Amino acid sequence: MPRSLFWSRTDTAGAEHAVLDDGAGFAAHGTQLAVDPVPYTCRYRLETGSDGATTSLAVEVEGAGWSRSVRLERGADGWRVRTGEQGDLDAALRAAGQPPAGLPGIEDTDRLHAALDVDLGGSALFNSLPIRRLGLAGATSSTEHRITVAWVLVPSLEVVTGEQVYTALGPGRVGFTSDTFRTELEVDGEGLVRHYPGLADRADLG
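Turning our eyes to something else, we now look at the packing of aromatic side chains. Overall, the coordinates contain five aromatic pairs when judged by the stated rule. Ring centres of Tyr166 and Phe176 lie 5.0 Å apart, and the angle between their planes is 40°; on these two criteria the pair is classed as tilted. Residue Tyr166 is found in strand S10 (residues 159–170), and its partner Phe176 is found in strand S11 (residues 173–178); the two are separated by ten residues along the sequence. By relative accessible area, Tyr166 is classed as buried at 0%. Between Phe176 and Phe181, the aromatic rings sit 6.2 Å apart at their centres with planes inclined by 65°, giving edge-to-face as the arrangement. Three or more aromatic residues link up through ring pairs in this structure, and these residues are Tyr166, Phe176, Phe181 and Tyr196.

Once that is clear, we can look at unusual backbone geometry. In this structure, the amide linkage connecting Asp36 to the following residue, Pro37, adopts the cis form with an omega of 5°. Mapped onto the fold, Pro37 is located in the loop between strand S3 (26–34) and strand S4 (40–48). Put simply, Val154 and Pro155 share a cis peptide bond, and its omega is 15°. Inspection of the secondary structure puts Pro155 in the loop between strand S9 (144–152) and S10.

With that settled, consider the pairing of S4. Bridge count for S3 against S4 is nine bridges, and the pairing is antiparallel. For Gly30, the partnering residue across the bridge sits in S4 and is Tyr44. Here S3 folds back onto S4, and the loop between the two strands holds five residues.

Procedures and definitions
- Residues numbered from 1 in each chain as written.
- Predicted model: local features only at pLDDT ≥ 70, side-chain atom pairs only at ≥ 80, totals over all residues.
- Heavy atoms only, no water.
- Phe/Tyr/Trp six-rings, centres within 6.5 Å; stacked < 30°, edge-to-face > 60°.
- Helix = DSSP H or I, 4+ residues; strand = E, 2+ residues; numbered from the N terminus.
- Buried < 20%, exposed > 50% of the residue type's maximum accessible area, 1.4 Å probe, protein only.
- Pairing = 2+ DSSP bridges.

If you want it as C-alpha cells, here you go:
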C-alpha cells in the first residue's frame, strides 16, 4: 500500500510531500515548495530497480516567469539526460539579488557512469536511496560506503557528480558526508530519513 510522507524544511520556508510505493523496486512521486533562492515548486517522479539502484528520475521546477525540466534514465549503456526550459530563471534570480544558475542537465553524461543513486537538492527523501540500497539502517556500526551520485541542483536542475560517504552509526542513525559537509541522519527501520539536521524534519502521519 502506498505511503505518504511529509517533511518541513528547517533551512528555509518550505516543505516536501512524497508518496512512496514499494513493489519489485521503489517508486515515489513528490512535490517540494521553497522560497530560497527564489520561490519555486518542484515536482519529481522516481523509480528504482529491484536492486535499489535508480533507473529514472523526472523533475519539473516552476517559478514566476520560468520553468525547467530534466529527465535522467539509466540503462545498460549508461545515463541519458534530457532537459527543457521556458522563461528566464536567471532574470528571477537577479531580481532577488542571487547569482545566475547553471544550465539544466549535464554536457558529458559519461561523468555519471559510476552513479547508481540520484540526489535531489533540498530533498530529505533522496538520502534514503543509498541507505536503503546498501542496507545501512540495520548494518553493523561503522559500516561505511563511499558512493558517486547524480546530484540534481534545485532550482537550476543542473546535474553534477557528487562523492558521498554513508556510515552506519547504530540503530536509526547514519552518518552522511559530502565534501566538507558532515551530519548525522535519523532514519526509521526502513531507512527513510526522519531528521536531517539543518534541512528537514519529518512529520509521522501514522
